[in-house]
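Structural overview
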Amino acid sequence: MSGTFVGMPAFPKAAHDAVNNPTLRGNLRHATHTIRAKRAKAVSEVSDWAALREAGKQIKDHTLRHLGRYLVQLEESVTRAGGTVHWAADADEANRIVTGLVKATGESEVVKVKSMATQEIGLNEALEAEGIHAYETDLAELIVQLGKDRPSHILVPAIHRNRGEIRDIFAREMSAWGRPAPDGLTDTPAELAEAARLHLREKFLRAKVGISGANFMVAETGTLVVVESEGNGRMCLTLPETLISVVGIEKIVPTWQDLEVFLQTLPRSSTAERMNPYTSMWTGTTGAETADGPRTFHLVLLDNGRTDTLADQVGRQALRCIRCSACLNVCPVYERAGGHAYGSVYPGPIGAILSPQLRGTASEIDASLPYASSLCGACYEVCPVAIDIPEVLVHLRERVAQGGQVTRQGTKVVLKPAKGHAAERAAMRAARWALSHPGALRTGQRLASRTRRLHPRALPGPGKAWTGSRDLPAVPAEPFRDWWQRTQGGKENGK
């Protein structure tokens, strides 16, 4: 996975800055509560939601267990339908493949469907370095691009912006990217949408190359699926002569029948709709100049840390994710900190478990992400594929605390200790020793009770963060063992 956002600090520092921004917190609170309420209503309409959720989980787990077989089947199906499949081990290779394909067409502009995978690998920046301009066509992505900003939500990348801010961005920046915003533009949603529509229409009609991701890939037919709500995706998928799709290898499903489950759960969990307004599916190429759809199709299958994640029996469940963003909208930490604090294109609870697995935990921010949670479990309750995010968070915390990255020095494998957890590891070793020696434990308990008046009410150093909002538990006047011996004579059940 490509690096973190440039200059991003660890989550605690970034979150501290975010919670002190009242405009950001107001925007997030309003948006997440609105989406959350709509989703709950849409899900309540489905009597077999629990069964659909379990079916989605089982389909994903089965596919991940047999991922190699289904990927080969997908490649054969796409090739048979007239497409070309490319395999990318990491972000650099994926960017080289895509930039090479665009340059081969002789074009210097591309239009893009909203894609987490292309954001993950930093494709726009790679294309720009080669003199190729990539235009985002999703409304929220357009706002982020024009504002020289970063996405902060999986479904609504510009969730941190309000209407007034969007109006200012359009009025200030649109002219440098193409058709300017209309004079006298106000912040009413209809006018903002119309300004974006007029700005993008000339790009749709001019572009010869489109770039997309995909929500799903069907192995048995080689069909790719994009679901969206605005129609921009349909324009990008049908008008350009060349279509390049960059898709993570985990987005595959075996059959059309499997796809049926996710086309019921994804819309309700993401946009709170019974069905997405635009569900676009394509299989290979049209093969005719007069037909709709691309005459040349390339599929770039992206690994970029996914195979390593698959090897972790606990952490691999993160690869079930269908990018619905339901976990973000119920997370109390995300609501207050915002998406930028996560330093990744995958914010919120799913980002806290996905990014450290795709990128590793060597950087300060990736090592901090598993701790960006209260472990309340709300994310697990709303996940349409039953990812136990709290379980994975605890699992990753253990990994961070036990050690850092495994590195290779020549023929020697070296474990680089994790920074910032030496005291925690020392405390755990001391506790293990004490609990293994009853005599020492009893002596320590008695000493703690007799010196209880001298104990501080707050921890020093890094512990201040924990005791800043709570007191340390009071030590009892005598240890339980001594109380039991005194009151019960050490006999079981008082006999």
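Calculation notes
- Numbers given to residues run from 1 along each chain, matching the order in which its sequence is written.
- pLDDT decides what is reported in this predicted model: residues at 70 or higher carry local features, side-chain atom pairs at 80 or more are listed and counted, and totals for whole chains, interfaces and linings draw on all residues regardless.
- Water and hydrogen atoms play no part in the side-chain values, which are based on all heavy atoms of the structure.
- The helix and strand labels rest on DSSP assignments: H or I over at least four residues marks a helix, E over at least two residues marks a strand, and numbering proceeds from the N terminus.
- Exposed residues in this analysis have more than 50% of their type's maximum accessible area, buried residues have under 20%, and partly exposed residues fall in between, with area computed by a 1.4 Å probe over protein chains only.
- Contacts are residue-level and defined by heavy atoms, with any inter-residue pair within 4.5 Å sufficient.
- One less than the residue count of a helix, multiplied by 1.5 Å, gives the span that helix is expected to have.
- Two N or O atoms form a polar contact when they lie within 3.5 Å of each other; inside protein one atom must be a possible hydrogen donor and the other a possible acceptor, and for residues adjacent in sequence the pair counts only when both atoms belong to side chains.
- Between any two strands, pairing holds if DSSP finds at least two bridges.
- Classification of ring pairs uses Phe, Tyr and Trp, with its six-membered ring standing for Trp, and accepts pairs whose centres are within 6.5 Å; under 30 degrees between planes counts as stacked, over 60 as edge-to-face, and the remaining range as tilted.
- Comment: axis = line fitted to C-alpha atoms, over the contacting stretch for helices; angle = value between 0 and 180 degrees taken between N-to-C directions.
- Geometric relationships in this document are graded by angle, where less than 35 degrees denotes roughly parallel, more than 145 denotes roughly antiparallel, 65 to 115 denotes roughly perpendicular, and other angles denote oblique.
- Left-handed describes a crossing whose near helix is turned anticlockwise from the far helix through less than a right angle; right-handed describes the clockwise counterpart.
- For this scheme, ten residues count as nonpolar: Ala, Val, Leu, Ile, Met, Phe, Trp, Tyr, Cys and Pro. Four count as charged, namely Asp, Glu, Lys and Arg, and the remainder, Gly too, count as polar.
- Here, the term disulfide refers to a pair of cysteine sulfur atoms separated by no more than 2.5 Å.
- In these notes, a set of buried Ala, Val, Leu, Ile, Met, Phe, Trp, Tyr and Cys residues joined through side-chain atoms within 4.5 Å is what counts as a nonpolar core.
- Criterion for a salt bridge: a side-chain nitrogen of Lys or Arg within 4 Å of a carboxyl oxygen of Asp or Glu.

An unreviewed UniProt entry annotates the protein as LutB/LldF family L-lactate oxidation iron-sulfur protein originating from Streptomyces bluensis.

Scanning the protein for helices and strands turns up 23 helices and 12 strands. Expressed as lengths along the three principal axes of its C-alpha atoms, the size of the protein is roughly 95 × 55 × 55 Å. Out of the 495 residues in the protein, the part that is buried amounts to 48%. Long-range pairs, those at least 24 residues apart, make up 72% of the contacts in the protein between residues at least 6 apart in sequence.

Once that is clear, we can look at helix H5 (residues 91–105). Between the first and last C-alpha of H5 there are 22 Å, a value that for 15 residues agrees with the 21 Å anticipated at 1.5 Å per step. Every buried residue of H5 is listed here: Ala-91, Ala-94, Asn-95, Ile-97, Val-98, Thr-99, Leu-101 and Val-102. For H5, the capping residue at the N-terminal end is Asp-90, with a side-chain oxygen 3.3 Å from the backbone nitrogen of Asp-92. The positive-phi residue at the C-terminal boundary of H5 is Gly-106, with phi of around 85°.

Here we come to the pairing of strand E2 (residues 109–112). Pairing geometry for E2 and strand E3 (residues 133–136), over 4 bridges, is parallel. Residue pairing in the sheet places Lys-112 in a bridge with Glu-136 of E3. Pairing analysis gives 2 bridges linking E2 to strand E4 (residues 209–212), with the strands arranged parallel. Directly across from Val-111, in E4, lies its bridge partner Gly-210.

With that settled, consider the environment of Thr-286. By the secondary structure assignment, Thr-286 is in the loop between strand E9 (278–283) and strand E10 (296–302). With a relative accessible area of 30%, Thr-286 lands in the partly exposed category.

Enumeration according to the criterion identifies 8 aromatic pairs in this entry. An angle of 75° between the planes, with centres 6.2 Å apart, marks the rings of Tyr-135 and Trp-177 as edge-to-face. Pair noted here: Tyr-135 is in strand E3 and Trp-177 is in helix H9 (residues 163–177), with a separation of 42 residues, a long-range link. The exposure class assigned to Tyr-135 is buried, which follows from its relative accessible area of 10%. Judged by relative accessible area, Trp-177 falls into the partly exposed class, the value being 26%. Each member of the aromatic cluster is reached from another via a ring pair, and the members are Phe-11, Tyr-334 and Tyr-342.

Where H9 contacts helix H10 (residues 189–206), the two axes come as close as 11 Å, and the packing angle between them is 25°. One element, H9, and the other, H10, form an angle in the roughly parallel class. For the pair H9 and H10, the sense of crossing is left-handed. Each of Arg-163, Ile-166, Arg-167, Phe-170, Met-174 and Trp-177 in H9 lies in contact with H10, whose residues at this interface are Pro-189, Leu-192, Ala-195, Ala-196, His-199 and Lys-203. Of the residues contributing to the contact of H9 with H10, the split by class is 8 nonpolar, 1 polar and 3 charged.

This paragraph deals with the sheet that holds strand E5 (residues 216–218). Taken together, 4 strands build an open sheet; the order of strands is E8-E5-E6-E9 and the sheet is mixed. The strands lining the two open edges of the sheet, one partner per strand, are strand E8 (252–253) and E9. The pairing of E5 with strand E6 (residues 223–228) spans 3 bridges and is antiparallel. By the bridge assignment, Met-217 is partnered in E6 with Leu-224. Packing of helix H12 (residues 256–270) onto the sheet brings it into contact with E5, E6, E8 and E9, and relative to E5 it is tilted by some 165°.

Overall, the coordinates contain 0 disulfides when judged by the stated rule. Not engaged in a disulfide, the cysteine Cys-321 finds its nearest cysteine sulfur in Cys-324; these two sulfurs lie 6.5 Å apart. Here Cys-321 falls in the buried class, since its relative accessible area comes to 8%. With no disulfide of its own, Cys-324 lies closest to Cys-383 among cysteine sulfurs, the gap being 6.2 Å.

The next subject is the side chain of Ser-77. Positionally, Ser-77 belongs in helix H4 (residues 67–80). A residue is classified by how much of its surface remains accessible, and Ser-77, at 3% relative accessible area, is buried. There is a polar contact of 3.4 Å between the side chain of Ser-77 and the backbone oxygen of Glu-220.

Here is a general trend for soluble globular proteins: nonpolar side chains tend to be buried in one another's company. In terms of nonpolar packing, the biggest core is built from 100 residues, with Phe-11, Phe-170, Leu-299 and Ile-353 touching the most fellow members. Val-110, Ile-132, Ile-211 and Ile-244 belong to the second-largest nonpolar core, a separate cluster that totals 20 residues.

Turning next to the pattern of salt bridges. Summed over the entire model, instances satisfying the criterion amount to 22 salt bridges. Where Arg-446 meets Asp-482, a salt bridge forms, and the shortest distance between an N and an O atom there is 3.0 Å. Placement of the pair is Arg-446 in helix H21 (residues 438–450) and Asp-482 in helix H23 (residues 480–488), with a sequence separation of 36 residues. Given a relative accessible area of 32%, Arg-446 falls into the partly exposed group.

The pairing of strands in a sheet comes from backbone hydrogen bonds and takes either a parallel or an antiparallel form. If you walk across this open sheet you meet the 6 strands as E1-E10-E7-E4-E2-E3, and the pairing is parallel. On the outer flanks of this sheet lie strand E1 (84–88) and E3, each paired with one strand and no other. Pairwise comparison of adjacent strand axes, ignoring direction, gives a mean angle of 25° for this sheet. As paired elements, strand E7 (residues 242–248) and E10 share 7 bridges and run parallel to each other. From the neighbouring strand, Ile-244 faces E10, where its bridge partner is His-298.

With that out of the way, let us pick up the packing of helix H3 (residues 49–65) against H4. Following both chains from N to C, one finds H3 and H4 inclined at 85°, their axes separated by 5 Å at the closest point. The angle between the axes of H3 and H4 places the two elements in the roughly perpendicular class. Contacts between H3 and H4 involve His-62, Thr-63, Leu-64 and Arg-65 from the former and Leu-67, Arg-69 and Tyr-70 from the latter. By residue class, the composition of the contact of H3 with H4 is 3 nonpolar, 2 polar and 2 charged.

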